[in-house]
Amino acid sequence: MTEQMRVAVSRDADIVTARQLGRELATKAGFSGSDLTLIATAISEVARNIISYADNGEILLGLAARDGRRGVFVVAQDDGPGIPDIDQAMLDGFSTGKSLGLGLPGARRLMDEFEIESEVGRGTTITMRKWCR
Amino acid sequence: MPVPILKQGEVLIASIQAALTDHDLLQLKDELADKIGRFRSRGVIIDVTALDVMDSFATRTLRGIAATARLRGAQAVVVGIQPDVAIAIVQLGLTLQGVATALDLEEGFEMLRRSMVKDGPQ
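The following refers to the structure shown.

Scoring rules and cut-offs
- Residues numbered from 1 in each chain as written.
- Chains lettered and ligands numbered in written order.
- Predicted model: local features only at pLDDT ≥ 70, side-chain atom pairs only at ≥ 80, totals over all residues.
- Heavy atoms only, no water.
- Buried < 20%, exposed > 50% of the residue type's maximum accessible area, 1.4 Å probe, protein only.
- Helix = DSSP H or I, 4+ residues; strand = E, 2+ residues; numbered from the N terminus.
- Arc of directions from axis to C-beta.
- Expected span 1.5 Å × (residues − 1).
- Contact = heavy atoms within 4.5 Å.
- Lys, Arg positive; Asp, Glu negative; His and termini not counted.
- Salt bridge = Lys/Arg side-chain N within 4 Å of Asp/Glu carboxyl O.
- Polar contact = N/O pair within 3.5 Å; in protein donor to acceptor, adjacent residues only side chain to side chain.

Before going further, it helps to spend a moment on helix H3 (residues 83-92) of chain B. Residues and elements named next belong to chain B. Among all positions in H3, only Val85, Ala88, Ile89 and Leu92 are buried. For H3, the arc enclosing every buried residue in end-on projection is 100°, short of the 170-degree limit, so these residues lie on one face. Turned more than 90 degrees away from the buried face of H3 sit Pro83 and Val90, all of them exposed. Positive backbone phi, at 95°, marks Gly93, one or two positions downstream of H3.

This next bit is on helix H1 (residues 12-29) of chain A. Here H1(A) contains 18 residues, and its C-alpha end-to-end distance of 26 Å stays within 8% of the 26 Å for a straight helix at 1.5 Å per residue. Residues of H1(A) that are buried: Asp14(A), Ile15(A), Val16(A), Ala18(A), Arg19(A), Gly22(A), Arg23(A), Leu25(A), Ala26(A) and Ala29(A). On its buried face, H1(A) is in contact with strand S1 (4-9), helix H2 (34-54), strand S2 (57-66) and strand S3 (69-78) of chain A together with helix H1 (22-38) of chain B. Phi turns positive, to about 105°, at Gly30(A), one or two residues after H1(A).

Within the secondary structure, Glu45(A) is located in helix H2. No salt bridge forms around the buried Glu45(A); measuring N to O, its nearest opposite-charge neighbour Arg48(A) is 4.6 Å away. Polar contacts involving the side chain of Glu45(A) include one to the main-chain amide nitrogen of Ser56(B), which spans 2.6 Å. Among residues more than four places away in sequence, those in contact with Glu45(A) are Gly103(A), Ala107(A), Asp55(B), Ser56(B) and Leu92(B).

Attention now moves to the pattern of salt bridges. Applying the stated criterion to the full structure yields 15 salt bridges over all chains. Arg48(A) serves as the salt-bridge partner of Asp55(B), at 2.4 Å between the closest nitrogen and oxygen. With Asp55(B) in the loop between strand S3 (43-47) and helix H2 (56-71) and Arg48(A) in helix H2, the pair connects residues from two separate chains. In terms of burial, Asp55(B) and Arg48(A) fall into one category: buried. Salt-bridge contacts for Asp34(B) lead to Arg38(B); the nearest nitrogen and oxygen are separated by 2.7 Å. Of this pair, Asp34(B) and Arg38(B) both sit in helix H1, four residues apart, which is roughly one turn of the helix.

None of the figures reported here should be taken as evidence of function without further support.
Here is the structure:
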């Protein structure tokens, strides 16, 4: 269970690549049906967040295992401007102007686990996991 | 990959063939706004059957396309949203409020036909 992939994200076509690879990986992990679409959509949102706010970054995708459960993890990293107020950024409808402000809170609803670390001037790391049902 | 736009009578059909980048979607909006005028179209069908993901950007852009078409005098219908995609859109917290939708191309045509008969010149 060490398989992982790295996708550089610097232009909009990379968003499509990241979510397609994520869907393939999630299929290998044993996900099916609507869960595959939920995972791919969440990847799309965090990848777009990189492009909108940090210009470039990367997405790390991998298989996860915990307590006998299988799943996938998605890490979205950038060294962009960071998020000054994470609680505010996670509110539905909050945006600094480049989107509807539904991307990150939406991605959190699609996945089982969602953690966000950010430091102003240093960048943002979002870690998401979803477990097979 | 640009989206082919077909003309059938008074209706334009944007037939999405594969995953779209943000740029492709914005280009589709511009092209439809232009072609509605050029062909004096009264209806637009956007077939999203081939899309396996519709995220917040795609959903917002489709709303923009429908609103733009309306301002240009044409009614837009989005057809072919896949079941898993519909579930994901709802879970994201998004809606396609204000956008007409139909199950598939056939239903979309029927919807436009009825509305054109109702609204159109005799």
